[in-house]
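These are the residues of each chain, in order.
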Amino acid sequence: MTRQIKRHDTLFSNFFLQYKVIHALILRELHTRYGRDNLGFLWVIGEPILFCAGVAIVWTAIRPAREHGLAMTAMVVTGYVPLTMWRHCMARAIKAYEANGSLLFHRQVTPFDIITARSFLEIIGTVMAGLLVMFGAIILGYMQPPQDWSLIVLALIYQCFFSFATALLAASLSEMSDLVEKFVSVISYLSLPFSGAFIMVTWLPLRYQWILMLSPMANNMEMMRGGQFGLEASVRYDLFYDTWMTGLLLLVGIILTADVRKHLEITG
Amino acid sequence: MIKCADIVKEFHTPSGVRRVLNGVNCEVQRGEKWGVLGHNGAGKSTLLRIIGGVDLPTSGQVERDMSISWPIGFSGAFQGSLSGLDNLRFIARIYSRNYEEMRRFVDDFAELGHQLREPVKNYSSGMRARLAFALSIAIEFECYLIDEVVMVGDARFAQRCRHELFEKRSDRSLVIVSHSMDFIKETCDHSMVLRDGKMTICASVQEGIDMYNNF
């Protein structure tokens, strides 16, 4: 017996192992996606910046400066950043397991880790890009500083969890059925009106407002706007509903992810 | 010890469900060297992947209480678009090994030279096998799962593998799937034969070989 590794699995050691695996996956993902050349990793922020800044500039240019009394640039930035986060998380999750079959050769790497690593990168990227675009717009005078930062942070936290939950769901469901894979991009596009990115709940007639309020993302957007505009905008969000809905999605996502390995036929 | 209990594996194919393994039972103790014999498509590699935890069985259980390598073959375990070094770095991280030590060993053992900096997808299958062997030996698993085909070919490399794996690490367990009777006879001390989804545990290596030849 030369080098016998005695392992005592405790809850803590397992968490530590998972932390290490996710850490390694994030670094690996950075290398695969952006190469090892110098500042390639900056693209994590660069890509969403181009998206958000591009849309913000175009909308600011072609739309009226105010809509329903709210400044257009601020509307776009507060709407488009969370939307990008969600869409990128989801797009990265579809068929993620099949594309990363080689990772699953290592027993300590779980599907959950793969999605966590990918979502983490997308979330960090869009949040940092969002902040940069926001500061840029504020400095250039196209946008007022937010009235209430804490509400913006809260909305972002909710949006992160929502994006992560949908990523888990999309990843698992797209492996279980090809139909889902085909439809996800369509669904993510058709659901744009329900994202709340471009409208506010109170712009709708009172009796239709509940439809938008069903979407956790729309609730998050309302929170964002509440933080940005303060009393200037009338916002409606239901923290209680948002919390349990996001929690429920997360739970279903985790359960499906724990079960998905049965459906995977790993090649590679 | 590794213990497989009633392993069933089904694949969904366009022509219906195909049952590759139909209630396989086997046990591997520490230090034992098992050769798994069987014809092409008998499910040898599938069994190896299930023991290694790459695929899950449709039903049945695998108990493991030693550290087991991934199934070492021509494919798998590497990200093609990353360089050999980046793959090494990732594997060192997830198996909690020291990168520098591992790199020294792999440099020395696999003799890939500067090609270690190239993407793995540009490697020949032989080079991939070298990298896989070097990495798994550097990790010091307690049990190695090996697809025998990776050890034939380059005689010098095969010799080195044997030296590292069978001489220097003779206390480790091995599960080797193979067609080559000579290879099994030379390296294994136990054998089992896979046929029609069932596993037969043989009393000796010779018995397994006879059984295989009589199919």
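Residues numbered from 1 in each chain as written. Chains lettered and ligands numbered in written order. Predicted model: local features only at pLDDT ≥ 70, side-chain atom pairs only at ≥ 80, totals over all residues. Heavy atoms only, no water.

An unreviewed UniProt entry annotates chain B as ABC transporter ATP-binding protein originating from Gluconacetobacter aggeris. Its UniProt record gives chain B the following Sequence similarities (unreviewed entry) comment, quoted word for word: "Belongs to the ABC transporter superfamily." (UniProt positions renumbered as here; feature names shortened; annotations may be inferred.)

As annotated in an unreviewed UniProt entry, chain A is ABC transporter permease from Gluconacetobacter aggeris. If you open the UniProt record of chain A and go to Sequence similarities (unreviewed entry), you find "Belongs to the ABC-2 integral membrane protein family." Note on chain A: under the UniProt heading Subcellular location (unreviewed entry), the record states "Cell membrane".

Engineer: So what about the layout of surface pockets? Which residues, and what values?
Structural biologist: All names here are of chain A. Empty space within the second largest pocket amounts to approximately 400 Å³. Lining the second largest pocket are 19 residues, and of these Trp86, Met90, Phe162, Thr166 and Ile187 sit closest to its centre. For the lining of the second largest pocket, the secondary-structure elements that each account for two or more residues are α3 (72-93), α6 (149-176), α7 (178-190), α8 (192-195), α10 (216-229) and α11 (239-259). The element that contributes the greatest number of residues to the lining of the second largest pocket is α6, accounting for 5 residues. Across the lining of the second largest pocket, the residue classes tally to 15 nonpolar, 4 polar and no charged. (1 Å grid on protein atoms, 1.4 Å probe; cavity = no way out; pocket = protein on both sides within 12 Å on 5 of 7 lines; lining within 4 Å. Points joined across faces, edges and corners; volume = space filled by probe spheres on them. Helix = DSSP H or I, 4+ residues; strand = E, 2+ residues; numbered from the N terminus. Nonpolar A, V, L, I, M, F, W, Y, C, P; charged D, E, K, R; others polar.)

Engineer: Which residues make up the environment of Ala165(A), and what values go with them?
Structural biologist: All names here are of chain A. Counting through the fold element by element, Ala165 comes out in helix α6. Under the relative-accessibility criterion, Ala165 is labelled buried at 0%. For the pair formed by Ala165 and Ala258, sequence separation is 93 residues and the distance between their alpha carbons is 13 Å. With near-sequence residues (within four places) excluded, Ala165 lies in contact with Leu249 and Leu250. (Buried < 20%, exposed > 50% of the residue type's maximum accessible area, 1.4 Å probe, protein only. Contact = heavy atoms within 4.5 Å.)

Engineer: I'd love a proper account of the sheet that holds strand β2 (residues 16-28) of chain B, names of residues and values included.
Structural biologist: Residues and elements named next belong to chain B. Overall, antiparallel pairing links the 3 strands, which are arranged β2-β1-β4 in an open sheet. Lying at the two open borders of the sheet, with one neighbouring strand each, are β2 and β4 (59-64). Strand-to-strand twist in this sheet, taken as the mean axis angle between neighbours without regard to direction, amounts to 25 degrees. Its contacts with the sheet put helix α1 (residues 44-52) on β1 (2-13), β2 and β4, and the angle it makes with β1 is roughly 120 degrees. (Pairing = 2+ DSSP bridges. Axes fitted to C-alpha atoms, helices over the stretch in contact; angles between N-to-C directions.)

Engineer: Quick rundown of the UniProt feature "transmembrane region" (unreviewed entry) in chain A? Include the residues and the values.
Structural biologist: Residue and element names in this part refer to chain A. Within this structure's numbering, the places UniProt gives as "transmembrane region" (unreviewed entry) are residues 41-62, 68-86, 120-143, 149-171, 183-206 and 239-258. In residues 41-62, the share of helix is 91% and the share of strand is 0%. The end C-alpha atoms are 33 Å apart. Note that residues 239-258 is 100% helix and 0% strand, and that its end C-alpha atoms are spaced 28 Å apart.

Engineer: Account for the side chain of Asp242(A), with residues named and values stated.
Structural biologist: Residue and element names in this part refer to chain A. Relative to the helices and strands, Asp242 resides in helix α11. Although Asp242 lies buried, it forms no salt bridge, and the closest oppositely charged side chain, Arg236, sits 13 Å away as judged by the N-O distance. Beyond its immediate stretch of four places on either side in the chain, Asp242 contacts Tyr158, Pro216, Asn219, Asn220 and Met223. (Lys, Arg positive; Asp, Glu negative; His and termini not counted. Salt bridge = Lys/Arg side-chain N within 4 Å of Asp/Glu carboxyl O.)

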